Amino acid sequence: MERSRMVLLLLLFLLVSGVSAFISIPKESDPEIAIPFIYVSMVHDGISPEDAERLLIKPMEKALRSIKGVKEMTASATQGYASVTLEFEAGFDAKQALQDVRTQVEQAKSQLPRSTESPVVNEINTALFPVMTLSISAPIDERELIGIARQLKREITALPNVLSVEIGGDREEVLEVAIDPLLLDAYELDYAQVLDIISRNNLLIAAGALDTGIGRLNLKVPGVIEKLDDLLQLPIKVSGSTVVTFSDVATLRNTFKDPDGFARVDGAPAISLEISKRSGANIIETVAQVQAVVKIAKTLMPASVQVSYILDQSAQISTLLWDLLNNILSAMLIVMIIIIAFLGVRSSLLVGLAIPGSFLMGLLCIYLLGITLNIVVLFSLILVVGMLVDGAIVIVEMAEKQMRAGDTGQVAFTHAAQQMAWPIIASTFTTLAVFIPLAFWPGTVGEFMKYLPITVVLCLLASLAMALVFLPVVGYLFNRTGFKSAKKVEAPTPSKGANLYAQLLSFFLKHPVKTIATTCGMMVLVYIVYGSYGAGITFFPETEPETAMVQVHARGDLSVVEKDNYLKEVEKRITGVAGLGAVYARSFAQPDGEGKEDIIGVLQFRLEEWHQRAPANHILSILAQKIKGIPGLYLEVIEEEDGPAGGKPIEIEIGGVSQSDLISSADQLLGLMRDIKGFISIEDDRSLPGIEWTLAVNRQEAARYGADIISIGNAVQLITAGINLAQYRPDYSDDEVDIRARFPKEHRTLQQLEQLRIKTAQGMVPVSNFVEVSPSPKVSRIKRVDGRQVISIRSDIQEGLLVDNQLKALQARISETAFPQGVEFNFKGEDADQKDSMAFLIKAFIVALFIMLLILVTQFNSFYQSVLVLSAILFSTAGVLLGLFLTNQPFGIVMGGIGVIALAGIVVNNNIILIDAFNKKRAEGIASLDAAFMTGRERLRPVLLTAVTTVSGLIPMAYGLNLDFIGRKIALDAPSSQMWVQLASTIAGGLAFATLLTLFITPCMLVLGDRYFKKGAVGA
């Protein structure tokens, strides 16, 4: 206590720094996690899936196969596009992996076709996901709407916290050269000749300089097309004195590329802006800056322009932060009330200081480590509230006892800190031992959950410093004026509850074998009953969604306009449904990425605040009824998923050698799923039935005419997307605009193919002389995994059923069914994640037990007593399963597993305190029976108090209760708490059950150990 002022100054500095860190720390919803996926995208206009597999995917796969650390390589080929996705092993170095992929892609470029666009390497990073999406809609000209969006993009991009802004729904400008095929024939012109003239006359030639000896003159030949007139006046043929210009055979217009989709917000044409923040930037501040820019920009827009916020993570994060902070406050309040009831106001103030002190020191360390304040960190603070006071309770309770015996505050707190230092250190480190392995959880789930053990470890270390360093000093100063006379104060009279406990303990100590045997029999019964009649297991808890979408599926070779008309019909039906916010509709010619190819559009919408609407399941069921029965459409309602899980819970990958075997096996599997029932929204990635037109060139016949594939292919392109001739930069645009030649719309038909004429050595010849146009089955997508073709089947599960039970039933039927030889089934999705998580949690549990045993043997120097301490873990798991059985709840792999492991480190603390006190009394020569009885009576209050504070701190979260002290509101089952109910109830229920057993069983086991293992009991 000689350096008390220095200790207080250090405490003050840490508290002030903690407050500053809390204000400055970046705040977000889900933590930024490293997703171990990198994909390479390749674009080649018009290439078929078969050619994309052969010419794009296979060379890229060969180059990427040599990269170290690749867990799985997936490839997909569609019309005009191919991609190769690499999944890396857990713990990969993202920067090194990205560099390796880019190096191999550069080497593979030379093996790709010349007309293939340069491959793009993309990293999947949650930090780059949009934090805000806004839409701009208005019944105005498309060019004007796009101009408004691009101007707003430039203003938002200039903000310091904004990383990027992507525009969705706009189209690239193009200068379309519509060449009339009839006029070409009339003037006896070849389209290739016309197109070559444009390319050769859109050049800027630096002719050099002329040095005359008396001066130097720079020369240039300006030929770049800057205006439409420049192109229209180009001569393309001279016949005598007649000059045929470009305007005689073609018309020009500034337009946009053909639409590949349409976007609307509440029925009005719209363009979206997706805004991503910089890594480490505060989402709330970023969104506020964007909203300020939009507010100013809106004053300059036409009155008809509407700006809607489709996605705004700041609102969600603000609500989550506020709810979780209220949960922390309510937990602190409950804990303080209990401490006051047990210890009185003076002592409770000392114990209560440990909570904000540990919190602020922990937050300071979190801030210095560069971790953001997210929902996992906030829940971790709630979880640890009751544990932070355990050491403080033991110190204050013993110091009080010393002061009642007549010691001064200085002597009492010094003695308490010295006497209880090792038990508190041992109990803290046994708790840390179960959380530390969780920080090494691999995979996406581990990246998401690792912030829980990190936060708990930092806060517990801070609580250890508070209990052993700062609290004794503050307690000494707090009690300098009290108990100065060192007069003995009578101990308080034991309560009725304490007397009842003493009577029961005395009875059980007389029959230790029967007591222990009965308890063990009860635990075995609990395990058997839950294993036979329990509610099963789940992977990750479900939460109330804030957004949802409707996916619109249709089959057939539909145009983008036809697809959009279908989408409009669905829009009309959902208009006016209560609980929905703005509806963002988007149709597209072809879905992006790995989406099912029969998706023709999506409707995305935010739900109103959860307390102002019906439950999401009710709203979505109404939606499903309203959109039911539209001919030709299959509609799927999908709700938002929180946490690390994503996609459909059932995913089965069928692999084999033969494509026909894969298709027949997929049909068999789909039949089994229909027979079992309970599988809904089933989808697979087989090619949809459709027709594609093949232009088969008779090369020998074409050679007779002097034609080749390039001339034929270019002629065909005039009917489709056109030929890109050159670029020019108009005065009104900052970007270059493509000059694209093709036939007018009325000539872009299938019949025109037969009328196409190309110039050959024998004059203008119809391509039908050596080209045969014929229909053939369309292959729309090819998927490969690790170099072989696969088909994937995905499914949701009907509400009220468990994924694990459905999977087991399906796997049993697969084992009984005969499939073609060589076909293999690989279960992915939730099943794979569940197995990986379960395997890791079991390993983490074993490692934690070993570390705890090591600490306990070091503390007690006794194997028997160390194992006795760990026996509390069996009691706690039995309590968890009993609670789940009585409430008919499934066991959660992620949250329940973490709860059981965390519980293991918490429940042993009471045993450590009891055994330490027992050993000291035995060292004083007290008989084992009397020592066990006295230990139980004396340590009853601190044991109960530490357990009750931990349990009570979790009660609001376990019941989904949210107390808003500022708004004076009480909310039940709020979305912010739904994810954590399983974890909180697991720890609270298991600890309560284990504490009650520990108070009776541990003294009995100590007596039994002293009777049969005297050396082990005393410390050998």
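Throughout, a residue's number is its position along its own chain's written sequence, starting from 1. Where local features are concerned, this predicted model is filtered to residues with pLDDT of at least 70; where side-chain atom pairs are given and counted, the filter is 80 or more; whole-chain, interface and lining totals use all residues. Heavy atoms throughout the structure, all of them, feed into the side-chain values; hydrogens and water do not.

Trainee: Quick rundown of the packing of helix α17 (residues 512–533) against helix α31 (residues 981–1012)? Include the residues and the values.
Mentor: Axis definition: a line fitted to C-alpha atoms, over the contacting stretch in the case of helices. Angles run 0 to 180 degrees between N-to-C directions. Secondary structure elements follow DSSP: runs of H or I of four or more residues count as helices, runs of E of two or more count as strands, with numbering from the N terminus. One way to put it is that α17 packs onto α31 with a least axis distance of 9 Å and a crossing angle of 130°. Classed by the angle they form, the pair α17 and α31 counts as oblique. Along this stretch, α17 crosses α31, giving a crossing that reads as left-handed. Facing Pro512, Val513, Thr515, Ile516 and Thr519 of α17, the residues of α31 in contact are Leu997, Ile1001, Cys1004, Met1005, Leu1008 and Arg1011. The nonpolar class holds Ala, Val, Leu, Ile, Met, Phe, Trp, Tyr, Cys and Pro. Asp, Glu, Lys and Arg form the charged class, and all remaining residues, Gly among them, are polar. For the contact of α17 with α31, the class distribution of residues is 8 nonpolar, 2 polar and 1 charged. In these notes the angle categories are as follows: under 35 degrees is roughly parallel, over 145 is roughly antiparallel, 65 to 115 is roughly perpendicular, and the rest is oblique. The handedness criterion is simple: a crossing whose near helix is rotated anticlockwise from the far helix by less than a right angle is left-handed, and one whose near helix is rotated clockwise is right-handed. Note on contacts: a residue pair is in contact if any heavy atoms of the two residues lie within 4.5 Å.

Trainee: Provide a residue-level description of the domain arrangement of the protein chain, including the pertinent values.
Mentor: Examined at the domain level, the protein chain breaks down into domain 1 (1–29 + 344–483), domain 2 (31–128), domain 3 (190–248 + 706–759), domain 4 (494–533 + 862–1019) and domain 5 (547–572 + 585–598 + 610–689 + 781–826). Spacing between the C-alpha centres of domain 2 and domain 5 amounts to 25 Å. Contacts between the two partners involve 16 residues from domain 2 and, on the opposite side, 11 residues from domain 5. At the boundary of domain 2 with domain 5, total buried surface from both sides reaches about 1,100 Å², with 42% on carbon and sulfur atoms. Boundary definitions for the domains trace back to an automatic or database domain assignment. Accessible area, probed at 1.4 Å, shrinks when two parts are joined; the buried area is that loss added up over both.

Trainee: Describe unusual backbone geometry, and please don't skip the residues or the numbers.
Mentor: The residue Asp266 is not glycine, and still its phi comes out positive at about 50°. Looking at where Asp266 falls in the secondary structure, it is placed in the loop between β13 (261–265) and β14 (268–277). Categorising residues by exposure relies on relative accessible area from a 1.4 Å probe, with only protein chains included: less than 20% of the type maximum marks a residue as buried, more than 50% marks it as exposed, and the intermediate range marks it as partly exposed. By relative accessible area, Asp266 is classed as exposed at 55%. Positive phi, normally seen in glycine, also occurs at Lys677, with a value near 70°.

Trainee: Account for helix α12 (residues 390–404), naming residues and giving values.
Mentor: In a helix, the anticipated span is given by 1.5 Å times the number of residues less one. For α12, built from 15 residues, the straight-helix expectation of 21 Å at 1.5 Å per residue is met to within 8% by its first-to-last C-alpha distance of 21 Å. Once α12 finishes, Gly406 follows within two positions and takes phi at roughly 115°, a positive value.

Trainee: With reference to specific residues and values, describe the packing of aromatic side chains.
Mentor: Working definition: an aromatic ring pair is given by the centre-to-centre distance plus the angle between the planes. Any pair of Phe, Tyr and Trp rings, taking the six-membered ring for Trp, is counted once the centres come within 6.5 Å. Such a pair is stacked with planes under 30 degrees apart, edge-to-face with planes over 60 apart, and tilted for the rest. The tally for this structure, following the rule as stated, stands at 6 aromatic pairs. Each ring, one from Trp441 and one from Phe840, has its centre 5.4 Å from the other, and the planes form 20°; the classification is stacked. With Trp441 in the loop between α13 (409–435) and α14 (443–449) and Phe840 in helix α25 (residues 829–860), the pair connects residues that are 399 residues apart, well separated along the chain. Each member of the pair, Trp441 as well as Phe840, carries the same accessibility label: buried. Plain terms: the ring middles of Tyr705 and Phe770 are 5.6 Å apart, the flat faces sit at 45° to each other, and that makes the pair tilted.

Trainee: So what about the sheet that holds strand β24 (residues 723–728)? Which residues, and what values?
Mentor: Hydrogen bonds between backbone groups are what pair the strands of a sheet, and the pairing can be parallel or antiparallel. The strand order across the open sheet formed by 4 strands is β12-β7-β25-β24, and the pairing between neighbours is mixed. Each end of this open sheet is capped by a strand with a single partner; those strands are β12 (250–256) and β24. Between one strand axis and the next, the sheet turns by 25° as a mean value, whatever way the strands run. Looking at chain direction, strand β7 (residues 173–179) and β12 are connected through 7 bridges and run antiparallel. Its bridge partner being in β12, Val174 is matched across the sheet by Thr255. Packing against the sheet, helix α4 (residues 142–157) makes contact with β7 and β12, and its axis sits at approximately 45° to β12. Two strands are counted as paired when DSSP detects at least two bridges linking them.

Trainee: Go over the nonpolar core with me, naming the residues and quoting the values.
Mentor: We define the nonpolar core as a collection of buried residues of types Ala, Val, Leu, Ile, Met, Phe, Trp, Tyr and Cys that are connected through side-chain atoms lying within 4.5 Å of one another. Of all hydrophobic cores here, the largest spans 180 residues; its most connected members are Leu134, Leu152, Ile156, Met449, Leu452 and Trp980. Ranked by residue count, the leading element in this core is helix α27 (residues 893–923), at 17 residues. No fewer than three residues from each of domain 1 (1–29 + 344–483) and domain 4 (494–533 + 862–1019) sit in this core. What Leu134 contacts, discounting residues up to four positions off in sequence, is Leu152, Ile156, Ile271, Ser272, Leu273, Ile275, Val290, Val294, Val307, Ser308, Tyr309 and Ile310. Listed in part, the 42 residues of the second largest apolar core include Val177, Ile198, Phe246 and Ala250.

Trainee: Quick rundown of the side chain of Ser330? Include the residues and the values.
Mentor: You can see Ser330 is positioned in helix α9 (residues 313–343). Judged by its relative accessible area of 1%, Ser330 falls in the buried class. Residue contacts for Ser330: discarding those within four places in its chain leaves Pro956, Leu963 and Phe965.

Trainee: An account of helix α19 (residues 616–626) is requested, with residue identities and associated values reported.
Mentor: Those residues of α19 that sit buried are Ala616, Ile619, Leu620 and Leu623. All buried residues of α19 fall inside an arc of 95° around its axis, so they share one side. Buried residues belonging to α19 abut β17 (547–554), α18 (560–574), β18 (580–588), β19 (599–607) and β20 (633–639). The arc in question is the one traced by the directions running from the helix axis out to the C-beta atoms.

Trainee: Give me the lowdown on the pairing of strand β5 (residues 132–137), citing residues and values where you can.
Mentor: The element β5 is extensively covered by neighbouring structure, given that 6 of its 6 residues are classed as buried. A two-sided burial pattern is seen for β5, the buried positions comprising Met132, Leu134 and Ile136 on one face and Thr133, Ser135 and Ser137 on the other. Pairing of β5 with β14 involves 6 bridges; the strand directions are antiparallel. Considered in β14, the bridge of Met132 is made with Ile275. Sheet topology note: the β5/strand β15 (residues 306–312) ladder contains 6 bridges and is antiparallel. Across the sheet, the residue bridging to Thr133 is Leu311, located in β15.

Trainee: Can you lay out the packing of helix α20 (residues 659–676) against helix α24 (residues 803–816) for me, pointing to particular residues and giving the numbers?
Mentor: Where α20 meets α24, the closest approach of the two axes is 10 Å, and the angle between their N-to-C directions is 130°. It follows that α20 is oblique to α24 by the angle criterion. Handedness of the crossing formed by α20 with α24: right-handed. Residues Leu669, Leu672, Met673, Asp675 and Ile676 of α20 touch α24, and the partners they reach there are Gln806, Ala809, Leu810, Arg813 and Ile814.

Trainee: Which residues make up the environment of Val869, and what values do they have?
Mentor: By the secondary structure assignment, Val869 is in helix α26 (residues 863–887). Once the C-alpha coordinates of Val869 and Ser29 are considered, the two residues, 840 residues apart in sequence, prove to be 38 Å apart. Not counting residues within four places of it along the chain, the set of residues in contact with Val869 comprises Leu856, Phe860, Val908, Asn911, Ile912 and Ile915.

Trainee: Outline the environment of Gly990, supporting the account with residue identities and numerical values.
Mentor: Relative to the helices and strands, Gly990 resides in helix α31. Classification of Gly990 as buried rests on a relative accessible area of 0%. Taking C-alpha positions, Gly990 is 45 Å from Ala582, a pair spaced 408 residues apart along the chain. Those residues in contact with Gly990 that lie beyond four places of it in its chain are Ser876, Gly879, Val880, Leu903 and Ser985.

Trainee: Now, about the pattern of salt bridges: what can you tell me, with residues and values included?
Mentor: We define a salt bridge as a contact between a side-chain nitrogen of Lys or Arg and a carboxyl oxygen of Asp or Glu at a distance within 4 Å. Counted by the stated rule, this structure contains 34 salt bridges. Here Asp258 and Arg742 are joined by a salt bridge, their closest N and O atoms 2.7 Å apart. In this pair, Asp258 is assigned in the loop between β12 and β13 and Arg742 in strand β25 (residues 737–742), connecting sequence segments 484 residues apart. When its relative accessible area of 5% is taken as the criterion, Arg742 is described as buried. The shortest N-O distance in the salt bridge between Arg613 and Glu544 comes to 2.8 Å. A residue pair is termed long-range when its members are at least 10 positions apart, and Arg613 in the loop between β19 and α19 and Glu544 in the loop between β16 (537–538) and β17 qualify at 69 residues. Each member of the pair, Arg613 as well as Glu544, carries the same accessibility label: buried. Sharing partners across several salt bridges, the network here consists of Glu176, Arg253, Asp258 and Arg742.

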